[in-house]
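# Descriptive structure summary
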Amino acid sequence: MAPAALLGLAACSTVNNYVPGFIKPYRADIQQGNWLTQEQIELLRPGMTREQVRFALGSPTLTSVFHADRWDYPYLFTPGNGPTEERKFTVYFAGDRLERWSGDPQPSRQPFQQKDTRKPLSATPATANPEGAPTPTVDGNAAPTGLDPSAPPSPAP
């Protein structure tokens, strides 16, 4: 009886690999710890106070009673499907002053910041607009037709 039960349990784990993705249950992404950016790390300077470090990096996730001169900033991202991402960063104090720091390379932006995929605005010459329609400005409004820069934009036809 026991060999049959073990064989049955082993078969369950291999069958799951062949189940199509639309049948599998939803698994939520899990973020734990501090997300630090390279910009935050560049703010650090030896000799900073603990409060200055807390302002630059945020409150540490791990502080130890046995290692009072060390703050740890771990980060773990476990996606519903895909590889797990793990980063560690540690700052060390001598008394109440920042002595040094070490850790993994940090990303250049926050997770909610997306890549800038907008097309750059290009200056169009006056001859490129033959219909005489107002040229839109950077904020999307029509440029004023008069010489007064404080005049409101003319309404679109």
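Everything quoted here is computed from the prediction, not taken from an experiment.

## A few points about the pattern of salt bridges
Inspection of every chain in the model, using the stated rule, returns six salt bridges. The residue D96 makes a salt bridge to R50 at a minimum N-O spacing of 3.1 Å. Taken together, the residues D96 in the loop between β6 (89-94) and β7 (97-103) and R50 in helix α3 (residues 50-57) connect sequence positions 46 residues apart. Among the residues examined, D96 registers a relative accessible area of 54% and is labelled exposed. Residue R50 is classed as buried on the basis of its relative accessible area of 17%. Here the salt bridges do not stand alone but share partners, grouping R50, D69 and D96 into one network.

## Remarks on α3
Taken together, the buried positions of α3 are occupied by R50, V53, A56 and L57. The buried residues of α3 occupy an angular sector of 125° when projected down its axis, which confines them to one face. Opposite its buried face, α3 presents the exposed residues E51 and F55, each directed more than 90 degrees away. Against α2 (38-41), β3 (70-72), β6 and β7 lie the buried residues of α3. Immediately downstream of α3, the backbone of G58 shows phi near 95°, a positive value.

## So, the pairing of β6
Buried residues dominate β6, accounting for five of its six residues. As paired elements, β3 and β6 share three bridges and run antiparallel to each other. Within the sheet, the bridge partner assigned to W71 lies in β6 and is V91. Here β6 pairs with β7 via six bridges, running antiparallel. Bridge pairing in β7 links F89 to G103. With antiparallel pairing between neighbouring strands as the criterion, β6 and β7 make up a hairpin whose turn holds two residues, including G95 at a positive phi of roughly 75°.

The rules behind these values
Residues numbered from 1 in each chain as written. Predicted model: local features only at pLDDT ≥ 70, side-chain atom pairs only at ≥ 80, totals over all residues. Heavy atoms only, no water. Salt bridge = Lys/Arg side-chain N within 4 Å of Asp/Glu carboxyl O. Helix = DSSP H or I, 4+ residues; strand = E, 2+ residues; numbered from the N terminus. Buried < 20%, exposed > 50% of the residue type's maximum accessible area, 1.4 Å probe, protein only. Arc of directions from axis to C-beta. Contact = heavy atoms within 4.5 Å. Pairing = 2+ DSSP bridges.

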